[in-house]
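Here's the letter readout for the chains.
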Amino acid sequence: MIFLLPLVLQAYAQVDLESTTEITISPYGKVEAQISSKPSSGYLWYMLPDESGKIEIPSCKGNYKAGKQVFTIACNEFCEPGDHLTLKMFYRRIWEPQPTKILYIHLKVISD
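Counting from 1, residues in each chain are numbered in the order their sequence is written. With the structure being a predicted model, the display of local features is reserved for residues of pLDDT at least 70 and the display and counting of side-chain atom pairs for 80 or more, all residues being used for whole-chain, interface and lining totals. Side-chain measures here rest on the full set of heavy atoms in the structure, leaving out hydrogens and waters.

> Give a detailed account of the sheet that holds strand 2 (residues 22-25), specifying residues and quantitative values.
Read across the sheet, four strands follow the order 2-9-8-4 without closing on themselves; strand pairing throughout is mixed. Each edge of the sheet is formed by a strand with only one pairing partner; in this case those strands are strand 2 and strand 4 (43-48). The average undirected angle you get between the axes of adjacent strands in this sheet is 25°. Any two strands are treated as partners once DSSP identifies two or more bridges connecting them. Helix numbers and strand numbers start at the N terminus; a helix is a DSSP run of H or I with at least 4 residues, a strand a run of E with at least 2. As defined by bridge partners, strand 4 adjoins strand 8 (residues 84-93) across six bridges and the pair is classed as antiparallel. Within strand 8, the position partnered with L44 by the bridge is R92. Between N-to-C directions, angles cover 0 to 180 degrees, with each direction set by a line fitted to C-alpha atoms, over the stretch in contact for helices.

Right, dumping it as structure tokens:
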């Protein structure tokens, strides 16, 4: 007997952080944000959530895909339309005390 299971693909809005730092997201929505990176040089981007508890970032280092670091940003059940939230990103080597770049990502929560 052969069972066929449906393949579920979830599509996220994609944002290039080298083009914009302004992102709109809906409650319970997800966005994939990408930025160029060269981990072989020791440098990585790190993303920190805001302190509101409304945003979830599964990995502060994101995932690496073809010259880009990709971060998933998710709005949880506490997000409400009209919220304005800020995420902080920094680019550094793990052994260096100060980042070489800092980037602020501005999220605006909109209704579906």
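> Describe in detail the environment of L17, supporting the description with residues and values.
Structurally, L17 can be placed in the loop between strand 1 (13-16) and strand 2. Spatially, the C-alpha atoms of L17 and A33 are 6.3 Å apart, while their sequence positions differ by 16 residues. If near-sequence neighbours (up to four positions away) are discounted, L17 is found in contact with I23, A33, Q34, I35, M47, M89, L103 and I105. Whether two residues touch is decided by their heavy atoms; if any such pair falls within 4.5 Å, the residues are in contact.

> Give me the lowdown on the side chain of D83, citing residues and values where you can.
Relative to the helices and strands, D83 resides in the loop between strand 7 (68-75) and strand 8. A polar contact of 2.9 Å, which involves the side chain of D83, links it to the backbone nitrogen of E80. When near neighbours in sequence (up to four residues on either side) are disregarded, D83 contacts K54, F78, L107, K108 and V109. Any pair of nitrogen or oxygen atoms within 3.5 Å is treated as a polar contact; in protein, a donor-acceptor pairing is required on top of that, and neighbouring residues in sequence qualify only through side-chain atoms on both sides.

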